[in-house]
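Chain residues, written in single-letter form:
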Amino acid sequence: MQKINLTKANKFCMVPSHTLFAGDIMIFCRGDVKSLKAISDLLKNYRNYSGQFYNYSKSLIYARGMTLAKHSSLANLIGFTMAIPPFIYFGVPFFLGKLKACYFLYIADKIRLKLAAWKAKTLPMAGRTQLVKSVILSMMVHCISIYNWPGGLEIIYLEAYNSATNIHLCWKFLNFNQSWSILFNDRVKTNGRLIKYAIKSSIWNGIKEAHGAVLDNCMWSIDNGRSVNFWLDNWTCETLANKYQIPEKFHYGLTSKLSDWWTNAWNINNNIQVALPNLLGTISRYSIPEVEVHDLFAWKNNINGILTIK
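Conventions used here
- Residues numbered from 1 in each chain as written.
- Predicted model: local features only at pLDDT ≥ 70, side-chain atom pairs only at ≥ 80, totals over all residues.
- Heavy atoms only, no water.
- Helix = DSSP H or I, 4+ residues; strand = E, 2+ residues; numbered from the N terminus.
- Rg over C-alpha atoms; globule rule 2.2 N^0.38 Å.
- Contact = heavy atoms within 4.5 Å.
- Areas by Shrake-Rupley, 256 points an atom, 1.4 Å probe, with all protein chains shown as cover.
- Lys, Arg positive; Asp, Glu negative; His and termini not counted.
- Charge placed at Lys NZ, Arg CZ, Asp CG, Glu CD.
- Axes fitted to C-alpha atoms, helices over the stretch in contact; angles between N-to-C directions.
- Parallel < 35°, antiparallel > 145°, perpendicular 65-115°, else oblique.
- Nonpolar A, V, L, I, M, F, W, Y, C, P; charged D, E, K, R; others polar.
- Expected span 1.5 Å × (residues − 1).
- Buried < 20%, exposed > 50% of the residue type's maximum accessible area, 1.4 Å probe, protein only.
- Phe/Tyr/Trp six-rings, centres within 6.5 Å; stacked < 30°, edge-to-face > 60°.
- Pairing = 2+ DSSP bridges.

Asks: Could you give an account of the overall build of the protein chain, with specific residues and numbers?
Replies: When helices and strands are counted, the protein chain shows 10 helices and 10 strands. Its C-alpha radius of gyration of 24 Å places the protein chain more than 25% over the 19 Å reference for a compact globule of 310 residues. If one aligns the C-alpha atoms of the protein chain with their principal axes, the spans along those axes are about 75 × 60 × 35 Å. Counting only contacts in the protein chain whose residues sit at least 6 apart along the sequence, the fraction spanning at least 24 positions is 55%. Only carbon and sulfur atoms are counted for the fraction: they give 56% of the accessible area of the protein chain, which is about 19,300 Å². Here the protein chain holds 34 positive side-chain charges and 17 negative ones, and the gap between their average locations is 10 Å.

Listed below in structure tokens is the structure:
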């Protein structure tokens, strides 16, 4: 069987080959004939062995960096429908760049249909209000959890809920413990600092907007020390760069991780000890355990450090 050619995010990180959700699968690969044939063969073999058939009409192929003609050719090869942004998948709009109100018109249409049906029912005003608060909100929660909406609809503090979901998404982004967050960190950070120029991303605005709030309410819980910047991340109640007033113009060169300064004890060279005589005293209360566990960007307001939305 032919192999699928995977894509690279950079020289260190591969894009995941696939992700599973409920009864669906998303496959990521290079946009070439060899990879599409390999996927087609895989699906046919699965059908033959399992007796289960995939739905061609609901299967989409999305591609970037190629002409529409080539995109169409690949879609015909595998029998899928071409997906051109914006399009809806799993009830969520897929698009490039900033969110636009027109991308969510389908939700407004669903709400109108619901309201029209309710008008025909002999419900008291209180009953209709409760339906609006519960049913309509549930229709919107999925999208609100992913994107930064331009404005709320004044339903159960929708704007506040959207802000909370932005904070939750940003917290997951900063924890580096999922494939998407590792990839996205590589895209929006340079030398460990957030980029200041615009990029085409549907989630970046929400993450960037919530970034300050997450930093104010989190602190790194140290395990292996490989995810934490020694100077620029908050792991000692404040960043060492801030505590020792290191000018921002020098921050781009401060890229070392905690694990770079630890070998069974803190290894601070003589030059730094002379320049910052109190540094060793500041960090001596902290240590890196010998257990191979990922560092956690811990939410201060939860005893286990995990940020959840309830």
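Asks: Describe in detail the packing of helix 5 (residues 158-174) against helix 7 (residues 204-217), supporting the description with residues and values.
Replies: Contact geometry of helix 5 with helix 7 gives a least axis separation of 8 Å together with a crossing angle of 80°. In terms of orientation, helix 5 lies roughly perpendicular with respect to helix 7. Between helix 5 and helix 7, the residues in contact are Asn 166, Ile 167, Leu 169, Cys 170, Trp 171, Phe 173 and Leu 174 and Trp 204, Gly 206, Ile 207, Glu 209, Ala 210, His 211, Ala 213, Val 214 and Leu 215, respectively. Partitioning the contact of helix 5 with helix 7 into residue classes produces 12 nonpolar, 3 polar and 1 charged.

Asks: I'd like a description of helix 1 (residues 33-50), backed by residues and values.
Replies: Helix length check: helix 1, at 18 residues, gives a terminal C-alpha distance of 26 Å against a target of 26 Å (1.5 Å per residue), a fit within 8%. For helix 1, the set of buried residues is Ser 35, Leu 36, Ala 38, Ile 39, Ser 40 and Leu 43. Of the surrounding secondary structure, the elements contacted by the buried residues of helix 1 are strand 2 (24-27), strand 3 (60-61) and helix 2 (68-78). Directly after helix 1, the chain includes Gly 51, whose backbone phi takes a positive value near 80°.

Asks: Any details on the environment of Trp 261? Residues and values, ideally.
Replies: Secondary-structure assignment places Trp 261 in the loop between helix 8 (240-243) and helix 9 (270-275). Residue classification places Trp 261 among the buried residues on the basis of a relative accessible area of 10%. Residues Trp 261 and Ile 25 lie 236 residues apart in sequence; the distance between their C-alpha atoms is 42 Å. Leave out the neighbours within four places in its chain, and Trp 261 touches Phe 230, Trp 231, Ser 256, Trp 266, Asn 267, Ile 268 and Ile 272.

Asks: Describe the environment of Phe 90, with residues and values.
Replies: Note on placement: Phe 90 falls in the loop between strand 5 (87-89) and strand 6 (92-94). For Phe 90, a relative accessible area of 32% corresponds to the partly exposed category. The contact partners of Phe 90, leaving out residues within four places of it in the chain, are Phe 21, Asp 24 and His 142.

Asks: Could you give an account of the packing of aromatic side chains, with specific residues and numbers?
Replies: All told, the structure shown has 20 aromatic pairs when counted by the stated rule. Taken together, a centroid distance of 6.2 Å and an interplanar angle of 80° make the contact between Tyr 54 and Phe 80 edge-to-face. Placement of the pair is Tyr 54 in the loop between helix 1 and strand 3 and Phe 80 in the loop between helix 2 and strand 4 (81-82), with a sequence separation of 26 residues. In terms of burial, Tyr 54 and Phe 80 fall into one category: buried. Ring geometry for Phe 95 and Tyr 147: centres 4.9 Å apart, planes at 45°, overall tilted. Here Tyr 147 lies in the loop between helix 4 (125-144) and helix 5 and Phe 95 lies in the loop between strand 6 and helix 3 (105-119), a separation of 52 residues in the sequence. For Phe 95, a relative accessible area of 7% translates into the label buried.

Asks: Please set out unusual backbone geometry residue by residue, giving values where relevant.
Replies: Of note, the amide linkage connecting Pro 85 to Pro 86 takes the cis form, showing an omega dihedral of -5°. On the secondary structure map, Pro 86 appears in the loop between strand 4 and strand 5. The phi torsion at Gln 245 lies on the positive side, around 50°, for a residue other than glycine. Here Gln 245 shows up in the loop between helix 8 and helix 9. Although it is not a glycine, Asn 264 adopts a positive phi angle of roughly 65°.

Asks: For the pairing of strand 1 (residues 18-21), give the residues involved together with the corresponding values.
Replies: Regular strands have side chains that alternate between both faces of the sheet. The pairing of strand 1 with strand 2 spans 4 bridges and is antiparallel. The partner of Phe 21 across the bridge, within strand 2, is Asp 24. Linking strand 1 back to strand 2 in an antiparallel pair, the connection comprises 2 residues, with Ala 22 at a positive phi of about 55°.

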